[in-house]
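# Fold and geometry: a report
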Amino acid sequence: MRHRIPLAICTVAAIALAPVAVAAHHGAMHQQVVKSAQSAAVEAKKVKTAFVEHQTLQHQVNTLMDRLDKSHKNCLLGANAYNNLTSFSKSHLAKPDCSV
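Residues numbered from 1 in each chain as written. Predicted model: local features only at pLDDT ≥ 70, side-chain atom pairs only at ≥ 80, totals over all residues. Heavy atoms only, no water.

### Structural notes on the overall build of the protein
The number of helices and strands found in the protein is two helices and zero strands. Taking 2.2 N^0.38 as the reference for a compact globule, 100 residues should give roughly 13 Å; the C-alpha atoms of the protein span a radius of gyration of 39 Å, well beyond that estimate. With the C-alpha coordinates of the protein rotated into their principal frame, the extents come out at 130 × 20 × 15 Å. For the protein, with 100 residues in total, the buried portion stands at 3%. A total accessible area of about 9,000 Å² is found for the protein, and carbon and sulfur atoms account for 66% of it. Measuring between centres, the 11 positive side-chain charges of the protein sit 18 Å from its 5 negative side-chain charges. (Helix = DSSP H or I, 4+ residues; strand = E, 2+ residues; numbered from the N terminus. Rg over C-alpha atoms; globule rule 2.2 N^0.38 Å. Buried < 20%, exposed > 50% of the residue type's maximum accessible area, 1.4 Å probe, protein only. Areas by Shrake-Rupley, 256 points an atom, 1.4 Å probe, with all protein chains shown as cover. Lys, Arg positive; Asp, Glu negative; His and termini not counted. Charge placed at Lys NZ, Arg CZ, Asp CG, Glu CD.)

### With respect to a nonpolar patch on the surface
A contiguous nonpolar surface patch, about 410 Å² in accessible area, is contributed by V61, M65, L68 and V100. Along the chain, M65 falls in helix α1 (residues 4–83). (Patch = residues over 30% accessible without salt bridge, like charges linked within 9 Å, V, L, I, M, F, W, Y side chains within 5 Å. Salt bridge = Lys/Arg side-chain N within 4 Å of Asp/Glu carboxyl O.)

### Points about the pattern of salt bridges
Considering all chains together, one arrives at one salt bridge under this definition. Salt-bridge contacts for D69 lead to K73; the nearest nitrogen and oxygen are separated by 3.5 Å. On the criterion of helical spacing, the pair formed by D69 and K73 is a turn pair, its members being four residues apart in helix α1.

### Structural notes on α1
Look at α1: 114 Å from first C-alpha to last across 80 residues, which is about the 118 Å you get at 1.5 Å a residue. Approximately 35 degrees is the largest bend angle found in α1, and it occurs at L17, with the proline P19 only one to four residues beyond. (Expected span 1.5 Å × (residues − 1). Bend = angle between axes of the 7 residues up to and from the residue.)

### Quick word on the state of the cysteines
Counted by the stated rule, this structure contains one disulfide. The side chain of C75 participates in a disulfide bridge whose partner is C98; the two sulfur atoms lie 2.0 Å from each other. On the S-S bond that ties C75 to C98, the torsion sits near -95 degrees, and the link is left-handed. Taken together, the positions of C75 in helix α1 and C98 in the segment after α2 (87–91) put the pair 23 residues apart, joining distant regions of the chain. Relative accessible area serves as the criterion here: at 14%, C98 is assigned to the buried category. (Disulfide = S-S within 2.5 Å.)

### A closer look at the environment of T86
By the element assignment, T86 lies in the loop between α1 and α2. For T86, a relative accessible area of 48% corresponds to the partly exposed category.

Following this line, the structure appears as structure tokens:
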């Protein structure tokens with residue numbers, strides 16, 4: 001009989017405090033999920049910013065490559081025109097160097 005009363009008290013206390021423990025655990029897990037979601041949102045913004053920057057730089061590279069291609073084609077036209085000149089005219093001009 002001596003052990004039954006403390007056992008009953010502990011059992012009642014455990015049953016009474018179980019919802020409190022579950023609620024505390026739920027609250028802690030909710031906070032962890034919210035923090036994870038906030039971190040993911042910050043990381044997503046960084047990725048989006050990097051992607052936009054990459055697209056801008058890619059556009060600039062494409063523009064420069066187009067300009068270089070046009071310049072190279074113009075140089076080749078100039079070299080072709082130079083080759084059609086007379087020897088006398090060539091002696092007064094420098095031959096175009098179209099190496100890239």
